[in-house]
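Coordinates in review
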There are 4 protein chains.
Amino acid sequence: MYKIGIIGDGYTAAELVRIIAGHEDLQTVAVTSTDNIGKGLAEVYPHLRAFTDLKCEATDVEVLKRRCDAVFLALPHGLSVPLVKELAGAGVRCVDLGADFRLKDSRIYEEYYELVHPAPEMLDQAVYGLPEIYREQIKNTQVVANPGCYPTSAILPLVPLLAAGLIEPRGIIVDSKSGVSGAGKALKAGSHFCEVNEGFRAYGIGNHRHGPEIAQELGFAAGVPVDMVFTPHLVPMNRGILSTCYCQLRDGATPGQVREALEAKYAGEFFVDVLPENIFPHTKWVYGSNLVQIGIHVDQACGRVILVSALDNLCKGASGQAVQNLNLMLGIEESKALRFAGIHP
Amino acid sequence: MYKIGIIGDGYTAAELVRIIAGHEDLQTVAVTSTDNIGKGLAEVYPHLRAFTDLKCEATDVEVLKRRCDAVFLALPHGLSVPLVKELAGAGVRCVDLGADFRLKDSRIYEEYYELVHPAPEMLDQAVYGLPEIYREQIKNTQVVANPGCYPTSAILPLVPLLAAGLIEPRGIIVDSKSGVSGAGKALKAGSHFCEVNEGFRAYGIGNHRHGPEIAQELGFAAGVPVDMVFTPHLVPMNRGILSTCYCQLRDGATPGQVREALEAKYAGEFFVDVLPENIFPHTKWVYGSNLVQIGIHVDQACGRVILVSALDNLCKGASGQAVQNLNLMLGIEESKALRFAGIHP
Amino acid sequence: MYKIGIIGDGYTAAELVRIIAGHEDLQTVAVTSTDNIGKGLAEVYPHLRAFTDLKCEATDVEVLKRRCDAVFLALPHGLSVPLVKELAGAGVRCVDLGADFRLKDSRIYEEYYELVHPAPEMLDQAVYGLPEIYREQIKNTQVVANPGCYPTSAILPLVPLLAAGLIEPRGIIVDSKSGVSGAGKALKAGSHFCEVNEGFRAYGIGNHRHGPEIAQELGFAAGVPVDMVFTPHLVPMNRGILSTCYCQLRDGATPGQVREALEAKYAGEFFVDVLPENIFPHTKWVYGSNLVQIGIHVDQACGRVILVSALDNLCKGASGQAVQNLNLMLGIEESKALRFAGIHP
Amino acid sequence: MYKIGIIGDGYTAAELVRIIAGHEDLQTVAVTSTDNIGKGLAEVYPHLRAFTDLKCEATDVEVLKRRCDAVFLALPHGLSVPLVKELAGAGVRCVDLGADFRLKDSRIYEEYYELVHPAPEMLDQAVYGLPEIYREQIKNTQVVANPGCYPTSAILPLVPLLAAGLIEPRGIIVDSKSGVSGAGKALKAGSHFCEVNEGFRAYGIGNHRHGPEIAQELGFAAGVPVDMVFTPHLVPMNRGILSTCYCQLRDGATPGQVREALEAKYAGEFFVDVLPENIFPHTKWVYGSNLVQIGIHVDQACGRVILVSALDNLCKGASGQAVQNLNLMLGIEESKALRFAGIHP
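Below, the structure is looked at part by part. These figures come from a predicted structure and were not determined experimentally. (Residues numbered from 1 in each chain as written. Chains lettered and ligands numbered in written order. Predicted model: local features only at pLDDT ≥ 70, side-chain atom pairs only at ≥ 80, totals over all residues. Heavy atoms only, no water.)

1. With respect to the relation of the copies chain A and chain D
For clarity, the cut-off: A residue counts toward the fit only if its pLDDT is at least 70 in both copies, and the copies are then superposed by least squares on the C-alpha atoms of those residues. Note on contacts: a residue pair qualifies if any of its non-hydrogen atoms lie within 4.5 Å across the two residues.
Each copy of the sequence occupies a distinct position, and chain A is placed on chain D by a rotation of 180 degrees and an axial shift of 0.0 Å, giving an RMSD of 0.0 Å. Considering both components of the superposition, the chain copies are consistent with a two-fold axis. In this assembly, 100% of the residues forming the interface of chain A have copies in chain D that are likewise at the interface, indicating an isologous arrangement.

This is the structure we're talking about:
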């Protein structure tokens, strides 16, 4: 039984506790907080009343080093680096759900996060935690940078096509739509029920921080920098991301090759489900699960490829993927505690 | 491994498949349908794509007898009786999620369901499937009448108080509010998104079929017929029931006794959670779980007792409770496959 | 053209501006604010972009006295009294949408609002602004205490029956359900989208401030203090209140008399609609309008009367009613600018 | 006072009645139906109880000719043509909210609607009812083809840029998101509350009927056929459309020119609101109103232009625009009865 610490008490932390409650090999031994120190975690999250007696505690890295085999960090950007440095140095596995280790180029991090990266030398050691793409590296690392929710939804459908040279690395459009939990538990006007419910809007046009993260991974797959635009939107629902990705078939490539490339890539993957022809995903079909669904449309006449993906932003888009990564890091079966079906309706 | 058949392919059937997918001792071997015969169950419910290869088949009682150790019936009222008669006669355990075996008095059934009961002699054999109240009888029966969703939410808080003689059996008001999945998957004006979303209404005032079911069980507990009014309302959400129950403290009874009676009754019950003072349940706290939460308020001055209960109508209010019942019938640990936390947010 | 000031810039203020934009005899000349001073009102509420050029200004009572014929106060409790004193003293008509002038007994105010009332002597001058009940007094007052949203929904159906002696003044239960805009625009955990959406809960059980307000008006109608319990609930929707009111028929009173009393009382009222037999209101049917709908159910056997009412909490429950009151105070046709239909769907 | 007939009793018909109820020069004298003949319109739509006594009647073209000065047709495609032929022939103004007169090329109509057009010769007479583009023609026609909701949202932002030669007529992407009322009142699985709520999905990928309608109007503006892809999505809300349009700046064109072209085009238009820099529309800001909001983002480095538009699909996207058109046809002030603010929250 591995002992697990969770740093942070936001929605992704609560989702980690939910998942770990059903995991035979992991046990949550500490949850740390800033605002709720001393409070029972089940007071903060009453849906966990039957599942945890833990009290939120202050983040004490020495204590965590002693008590934990692995730690999930679920913190605002900028706060993870010193903690990871200490913990990983002491042999504790770290899965960082924040953004601090995702971008390999610290200048891009600094541009988008308006922060000097405190340990750029660590960026090379951290592995980008998309198991379907970096499985072997994840098994052998001490530090995983868990991907952003939007990037997971965009990278999984696009990377196999770029890697196979089937689509152009230019003119890619990722039009994404997310439920509100992606904005976290903090109080802000944009998460007020009355400002969200019965409405739909775009935000972060042209400058959302997940843009460069997507571009980085697409570029790695393409072997060249890609030209890509990412536009997120807010959907009046709690959970779910749907990304509609537009790209252009390369000269000579066929619609059949697109489907084959995706099906071949994900044939053995439990969590990635390439849907049959003419079936496109619905976020409801993955609600509360660790699954990603991908639908494919190619218009041969004009060569346009439309890929639609859906996932649960808190599960495969955050905490579920984080547990999947830790399973790999600890040599546990990758899908352990993650093979639950979603909730419908 | 017990082989399970599910008769019907509505929302409660899908929820049964979801739960059984995580149950080590049960295996769904058949799902029957009227509208979707020959279709993959995962075509009808794509959230189950990774979890079932079953095709919907016609209901053939001979086949079910041969292939199933137990059967869940999730049918409109009036259709279960002949099937249960045959199946139970052949030694197949039956959990009927419909209403046909819930009311012990066939005249009340006939009044409310406008149907002559086809086998009133079977009503005595069927056990009302509330494990927290009829556990021992459930263990020893062949046929369980799984309670209605509203009744479960009203009976659990009120029965211990009536049984202990702490509240008056007169003037009880059960004001209940349910999500839309309680109305099922069938297309009707009242379930059209635009007719439900951004609105709230009462329905079935004075004549809802769950009224006599609640009254029956309250009367059994009180030892006398109760005077009770039940008013259901429709909430613009998928899942969840909250019942606000008003009743009158008996002369001489104290607020402390009310709390003690409920806490004592449910002390050892995993699925019933009596909340601390001044905490009242939220349907979100039980979303997707098999839990019931109960909050208590007593105004000593006027002797009014307010009990608020919350559950997930498809889980503890239907399919979760049905699996709980079958676990008992088969000698499996009662909470097996049901100890999952709900989804929040 | 009367010149109107609005003190406060919350949701009810925005609703006032919306309504007054369609009013030929009123013109909004000032909106005051604490947080948004200097900002365009249409920046704060972009749905008003085409309808106002006003900038939010600081509340300066001298300026308001000079510029306004009438003022709406939409402030947290405790803040209105000194302003109303000054403004009314200077001949400016005041409609206070807050709670400071609603309760005639300052001790009850002090108990529920935890505040010593700064001018109890003014309570007698202020008229409780329910036009259907206090029309003549409203026409002749300088200060109207605009009723709470919940109280409007409970008082309108119950008062005629208490006044006619048709129902018992004891054992009245008002089980109310409100959309989230009733909690205002301020950021709080209870209004966070993810904490509200897909859930339903009760709150303020036994101590909500609208309880004594309802009791006061019911008591005035009954001629004796009433025994009444009020339980509010939160519905995941923006607008709308539905109240389910339970009471007991007096000995000798008949169901027909109940209907007749309500129909007679509201026969000439444009904004109160007593629905036909077996039709019960839906908050969607009054969404965005100034209407109240009332449905009636009487169970003669047990003498129980159920009244269901629906209104839009921001319109008839606040700003629409406020304009209705001001129309009366200024001698304008009462329904002016308020005869718009609601939005459906 | 012009006498108005409405053929059809779906959501757009109800919205017409709502709007006309506030119109001093129009009076609804007939609403026709298939399913609700003989029923009061207010029984079908109780939000109209205070506003209409009309009963739904069968569609009798002779009666309509006699009684009506103008008729709105709100019918499924294929049904309007013979009615319009008769009515227009008799001098009755017709505004068709359906699709039968929108496409100028009957072969495209036949391909997408799978129906031989019954009167292709009439297509030239009908004017495409976008007042901001075809105002003069609308004033002088007998027959208006009221635009689709999605097309209105896409054409208004894109046409001025294509007409000015500022963007490429190739590679245009219109990624649109609509509330559920766009799918109408008919019962279908895709409009069941539980299948929509808490979910988001794309539909009609590559073959939605509004695609060629958008392409037609963009092509007219560009002077050449455009290459455009249109992808609609379903948002869990009642009303609202948001379209995110991606296109490419022409060589030599500047971001400033894009903004200037749109601002100049819509400077005098009450219903089209070009938002300031860095402000992007929210469907909530136009909820229940006849307004369209347009936000502009241009990335000069890569030449990508993103236009975001929002409207209420039942109002500016259907019935509001229809009344705007009829105002023009009848020589009434264009914005009459349409200058109401939307509802927020």
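Here the narrative resumes.
2. Some details on the interface of chain B and chain A
Our working rule: Buried area: the accessible surface (1.4 Å probe) lost by two parts on joining, summed over both. When a carboxyl oxygen of Asp or Glu lies within 4 Å of a side-chain nitrogen of Lys or Arg, that pair is called a salt bridge. Under this definition, polar contacts are N or O atom pairs within 3.5 Å; protein pairs additionally need one hydrogen-donor-capable and one acceptor-capable atom, and for neighbouring residues in sequence, both atoms have to be side-chain atoms. Numbering goes from the N terminus for both helices and strands, where a helix is a DSSP run of H or I of at least four residues and a strand is a run of E of at least two.
Facing the 34 residues of chain B at the interface are 34 residues of chain A. Note on chain B versus chain A: buried area summed over both sides is about 2900 Å², and carbon and sulfur give 62% of it. Put simply, chain B and chain A have two salt bridges between them. For the pair chain B and chain A, the interface holds eight residue pairs in polar contact (both at pLDDT 80 or more). Counting only elements with at least two residues in the side of chain B that touches chain A, the list comes to α1 (11-20) and β12 (272-274) of chain B. Among the elements that line the side of chain B that touches chain A, the one with the most residues is α1(B), at three residues.

3. A look at the pairing of strand β14 (residues 304-311) of chain B
In summary, the side chains of a regular strand alternate between the two faces of the sheet. Residues and elements named next belong to chain B. The criterion, for reference: Accessible area is worked out with a 1.4 Å probe on protein chains only. A residue is then buried under 20% of its type maximum, exposed over 50%, and partly exposed in between. By definition, two strands form a pair when at least two bridges between them are found by DSSP.
The buried fraction of β14 is high, at eight of eight residues. Side chains Arg304, Ile306, Val308 and Ala310 of β14 all project onto a buried face; the interleaved residues Val305, Leu307, Ser309 and Leu311 project onto the opposite face, where all are buried too. As paired elements, strand β13 (residues 292-299) and β14 share eight bridges and run antiparallel to each other. Within the sheet, the bridge partner assigned to Gln293 lies in β14 and is Ala310. Once β13 ends, the chain turns through four residues before running back antiparallel as β14, passing Gly303 with a positive phi of about 75 degrees.

4. Digging into the environment of Tyr134(C)
Residue and element names in this part refer to chain C. Take Tyr134: it is sitting in helix α6 (residues 131-139). Judged by its relative accessible area of 16%, Tyr134 is buried. A C-alpha to C-alpha distance of 9.9 Å links Tyr134 and Asn325, two positions 191 residues apart in sequence. Ignoring any residue separated from it by four or fewer positions in sequence, one finds Tyr134 in contact with Val127, Tyr128, Glu217 and Phe220.

5. A short note on unusual backbone geometry
Across the junction of His344(A) and Pro345(A), the peptide omega takes the value -5 degrees, indicating a cis bond. Residue position: Pro345(A) is located in the segment after α11 (315-330). The residue Asn278(A) is not glycine, and still its phi comes out positive at about 70 degrees. On the secondary structure map, Asn278(A) appears in the loop between β12 (272-274) and β13 (292-299). The backbone of Glu114(C) sits at a positive phi, close to 50 degrees, despite the residue not being glycine. Secondary-structure assignment places Glu114(C) in the loop between α5 (106-113) and β6 (127-128). Residue classification places Glu114(C) among the exposed positions, given a relative accessible area of 67%.

6. Looking at helix α10 (residues 255-266) of chain C
Every α-helical turn comprises 3.6 residues, leaving residues that sit three or four positions apart pointing alike. Residue and element names in this part refer to chain C. The line we're drawing: Expected span, for any helix, means 1.5 Å times one less than how many residues it has. The directions considered for the arc run from the helix axis to the C-beta atoms.
The terminal C-alpha atoms of α10, which comprises twelve residues, lie 17 Å apart, in line with the 16 Å expected from a rise of 1.5 Å per residue. Listing the buried residues of α10 in full gives Pro255, Val258, Arg259, Ala261, Leu262 and Tyr266. The buried residues of α10 occupy an angular sector of 160 degrees when projected down its axis, which confines them to one face. Opposite the buried face of α10, at more than 90 degrees from it, the exposed residues are Glu260 and Ala264.

7. Overview of the pattern of salt bridges
Pairing is possible between side chains of opposite charge, provided their charged atoms come close. Residue and element names in this part refer to chain C. Under the criterion given, the structure shown has 89 salt bridges over all chains. Residue Asp25 is joined to Lys336 by a salt bridge in which the shortest nitrogen-to-oxygen separation is 3.2 Å. With a gap of 311 residues between them, Asp25 in the loop between α1 (11-20) and β2 (26-32) and Lys336 in the segment after α11 (315-330) connect regions that are remote in the sequence. According to the relative accessible area criterion, Lys336 is partly exposed, its value standing at 25%. The partner of Glu168 in a salt bridge is Arg250, with the nearest N and O atoms 3.8 Å apart. With a gap of 82 residues between them, Glu168 in the loop between α7 (149-163) and β8 (172-178) and Arg250 in the loop between β11 (241-248) and α10 connect regions that are remote in the sequence. Exposure remark for Glu168: the relative accessible area of 27% places this residue in the partly exposed category. With relative accessibility at 34%, the residue Arg250 sits in the partly exposed group.

8. A closer look at the interface of chain A and chain D
Formally: Here the term charged refers only to Asp, Glu, Lys and Arg, the term nonpolar to Ala, Val, Leu, Ile, Met, Phe, Trp, Tyr, Cys and Pro, and the term polar to all other amino acids, Gly among them.
The interface is formed by 41 residues belonging to chain A together with 41 residues belonging to chain D. Note on chain A versus chain D: buried area summed over both sides is about 3300 Å², and carbon and sulfur give 59% of it. Joining chain A to chain D, the criterion identifies four salt bridges. In this structure, the salt-bridge partner of Lys177(D) is Asp175(A), at a minimum N-O distance of 3.1 Å. Linking chain A to chain D there are 26 residue pairs in polar contact (both at pLDDT 80 or more). Elements supplying a minimum of two residues to the side of chain A that touches chain D: β8 (172-178), α8 (193-196), β9 (201-202), β10 (228-234), β11 (241-248) and β14 (304-311) of chain A. The dominant element in the side of chain A that touches chain D, judged by the number of residues it contributes, is β10(A), at four residues. Of the residues contributing to the side of chain A that touches chain D, the split by class is 20 nonpolar, twelve polar and nine charged.

9. Regarding α5(C)
Residue and element names in this part refer to chain C. Ser106, Tyr109 and Tyr113 are the residues of α5 that are buried. Seen along its axis, α5 keeps its buried residues to an arc of 50 degrees; they face one direction. Opposite the buried face of α5, by more than 90 degrees, sit the exposed residues Arg107 and Glu111. A side-chain oxygen of the first residue of α5 lies 2.8 Å from the backbone nitrogen of Arg107; this N-cap is Asp105. One or two residues past the end of α5 sits Glu114, with phi positive at roughly 50 degrees.

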